Amino acid sequence: MNIKNICCIGAGYVGGPTMAVIAKNCPDINVTVVDINEKRIAAWNDEDVENIPIYEPGLSDIVKEARGRNLFFSTDVDGAIDKADMIFISVNTPTKTYGIGKGMAADLKFIELCARQIARVSKNDKIVVEKSTLPVRTAEALKNILDNTGNGVNFQILSNPEFLAEGTAVQDLLNPDRVLIGGGIDTEKGKNAVDALVDVYAQWIPKAQILTTNLWSSELSKLTANAFLAQRISSINAMSEICEKTGADVDEVAKAVGMDSRIGPKFLKSSVGFGGSCFQKDILNLVYISKSFGLNEVADYWEQVIIMNDHQKRRFAEKIVKTLYNTVSGKKIAFLGWAFKKDTNDTRESAAIHVADYLLNEQAEIVVYDPKVTKERIYADLEALGTHSSEEIRDRVKVINTAVEACKDAHAVAVLTEWDEFKELDWKGIYNDMLKPAFLFDGRRLLDKDELKKVGFEVFVIGS
Ligand code: UDX
Ligand code: UDX
């Protein structure tokens, strides 16, 4: 089957870049990205491509090239579903905040809404692709809804998990380690559907890198990949605390360990804790699935990755308080960075949010600078925790447009995101404008500790 029209429901961090790259590489396929959020779609359609709602290096150029040619952004969900041969579901699947599985299970209400809408609208056969990360066997629920509420057309469900990392999304999509496609490969129709999606990716990715599996293996592989990646970070972060006690240096340990080809060097950078929309959510999901099968040891094993990550964020904040003579009440702490990693404006689960919340409990005054995150986003992140009132947050947290200004008259500076520009700052000038002793807490191991000590800072670096 030759795919001519693709629709993607969800114009977010995954749907937007993924569809832009498909459109770029498959000029014969019309790609329409739809979303219920009108503001977001308007931003994707902004005449100035620099105003698209997601910041990713290289993305605006691709949107510029393909938009209006074979890449479209729209709020007409029904219209796009109707036209499409293949529909990607790329809506968010947050952790449930209510009822059974609260705080752990994935909330699938948006997925279900999409399925019902696809069933209602479809007048011809469709291939439905799960792009969102989902609990294992969600495809079954999806198929049930589609088959039982549909108009008698045939739906094939595929799982095609996304492995892109934010900040490098475009490169990851253009040049993925692998593409994974799960489907009903034991039936003729299922196989044809898998082949149709393979052919889309094969337009720019070597076939040897396109893996096909059964549906459940594909769904589980995504959770497994994220769990393994997060586990490496929690493992090195556990070591960072031992390093601080023993005089070892966590980067030296990571290098020595990572040169073992069985271990490898990536994802061994100690930090103030991992964030992002996926790691915590997917592991909690894995924990919930394990528990629901009565696999308590498996659940405990994976939950420890999250426990370690929460500990890492808390102990960084505690270190700031302890170092500042056990009180930060009324003291100005400058936060450099708010995003969960560099080169993105995404802040979901960012460590900075939790460190700030802890310091607010201690009545600190926080001044934030992040090159890509807006003031409204920062306030919304803190308000969403529900631990401090909106008034208190706006009173105690200030968001400033330059790093130098943020650090002026501060008692301490804390590096929360590894933005490259922080390495180039005039640290001597910043030191001169701070209260003394001037403390610096590097939660990303970004800066040159010896240089900063020479300038006069009292420096704490995670993991040494
Ligand atoms: C994705 C995946 O979908 C998620 O499962 C994965 O684990 C992380 O990344 P992401 O693209 O980052 O989510 O989410 P987000 O940026 O929130 O985008 C989702 C979009 O779907 C939003 O713009 C939202 O408005 C839209 N949406 C949601 C719909 O269009 N319809 C709905 O019913 C629900
Ligand atoms: C992750 C997965 O990498 C990706 O494959 C999946 O599709 C979605 O989830 P993402 O969350 O966008 O991607 O970014 P990633 O680069 O994995 O970073 C996640 C968090 O881990 C960030 O907070 C980052 O700072 C942190 N991290 C990463 C570390 O603390 N140390 C490391 O060595 C690597």
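Everything quoted here is computed from the prediction, not taken from an experiment. (Residues numbered from 1 in each chain as written. Chains lettered and ligands numbered in written order. Predicted model: local features only at pLDDT ≥ 70, side-chain atom pairs only at ≥ 80, totals over all residues. Heavy atoms only, no water.)

Peer 1: Please clarify how the site of ligand 2 should be interpreted in this entry.
Peer 2: Around ligand 2, the structure places 20 residues, and the nearest of them are Phe-163, Glu-166, Ser-271, Lys-341 and Arg-444. Within the contact set of ligand 2, an oxygen atom lies 2.8 Å away from a backbone nitrogen or oxygen of Phe-340. About the coverage of ligand 2: the protein hides 90% of its 660 Å² of free accessible area. No other element matches the four residues that helix 9 (residues 215-246) contributes to the shell around ligand 2. Its residues placed into classes, the shell around ligand 2 shows 11 nonpolar, three polar and six charged. (Near = heavy atom within 4 Å. Polar contact = N/O pair within 3.5 Å; in protein donor to acceptor, adjacent residues only side chain to side chain. Areas by Shrake-Rupley, 256 points an atom, 1.4 Å probe, with all protein chains shown as cover. Helix = DSSP H or I, 4+ residues; strand = E, 2+ residues; numbered from the N terminus. Nonpolar A, V, L, I, M, F, W, Y, C, P; charged D, E, K, R; others polar.)

Peer 1: Just checking my understanding: could you explain the sheet that holds strand 12 (residues 412-415) for this structure?
Peer 2: Each strand in a sheet pairs with another by means of backbone hydrogen bonds, the pair being arranged parallel or else antiparallel. Pairing in this open sheet of six strands is parallel, and the strands run 11-10-9-12-13-14 from one edge to the other. The sheet is open, and its two borders are formed by strand 11 (397-399) and strand 14 (458-461), each paired with just one other strand. Between one strand axis and the next, the sheet turns by 20 degrees as a mean value, whatever way the strands run. Pairing analysis gives four bridges linking strand 12 to strand 13 (residues 439-442), with the strands arranged parallel. Residue Ala-414 lies in a different strand from strand 13, and its bridge partner there is Phe-441. Contacts from helix 12 (residues 296-323) reach strand 9 (332-336), strand 12, strand 13 and strand 14 within the one sheet, and its direction differs from that of strand 13 by about 165 degrees. (Pairing = 2+ DSSP bridges. Axes fitted to C-alpha atoms, helices over the stretch in contact; angles between N-to-C directions. Contact = heavy atoms within 4.5 Å.)

Peer 1: Would you explain the side chain of Gln-156 in this entry?
Peer 2: Along the polypeptide, Gln-156 turns up in strand 6 (residues 155-159). Dropping the residues within four chain positions of it, Gln-156 is found in contact with Lys-126, Ile-127, Val-128, Lys-189, Gly-190 and Ala-193.

Peer 1: I would appreciate a short explanation of the pattern of salt bridges in the present structure.
Peer 2: When their charged atoms lie close together, side chains carrying opposite charge are able to pair. Applying the stated criterion across every chain, the model contains 30 salt bridges. Asp-310 is paired through a salt bridge with Lys-313; the nearest N and O atoms lie 3.4 Å apart. Taken as a pair, Asp-310 and Lys-313 lie in helix 12 at a separation of three residues, close to a single helical turn. Linked through salt bridges whose partners overlap, the residues forming this network are Asp-249, Asp-251, Lys-269 and Arg-445. (Salt bridge = Lys/Arg side-chain N within 4 Å of Asp/Glu carboxyl O.)

Peer 1: What exactly am I supposed to notice about helix 13 (residues 351-361) here?
Peer 2: Residue pairs three or four apart in sequence face the same way in an α-helix, which turns once every 3.6 residues. Among the 11 residues that make up helix 13, eight are buried, leaving the element largely enclosed by the rest of the structure. Those residues of helix 13 that sit buried are Ala-351, Ala-352, Ile-353, Val-355, Ala-356, Asp-357, Leu-359 and Leu-360. Buried-residue contacts for helix 13 involve helix 12, strand 9, strand 10 (365-369), helix 14 (375-385), helix 15 (390-396) and strand 11. Two residues or fewer after helix 13 comes Gln-363, characterised by a positive phi angle close to 65 degrees. (Buried < 20%, exposed > 50% of the residue type's maximum accessible area, 1.4 Å probe, protein only.)

Peer 1: It is not clear to me how the site of ligand 1 should be interpreted in this structure. Could you clarify?
Peer 2: Near ligand 1, the surroundings consist of 19 residues, among which Asp-35, Arg-40, Val-91, Lys-281 and Arg-348 are the closest. Measuring from an oxygen atom of ligand 1, one finds a backbone N or O atom of Val-14 at 2.9 Å. Between an oxygen atom of ligand 1 and a side-chain N or O atom of Thr-93, the distance comes to 3.0 Å. Expressed as a share of its isolated accessible area of 690 Å², the protein-covered part of ligand 1 is 91%. Classifying every residue of the shell around ligand 1 by side-chain character gives six nonpolar, nine polar and four charged.

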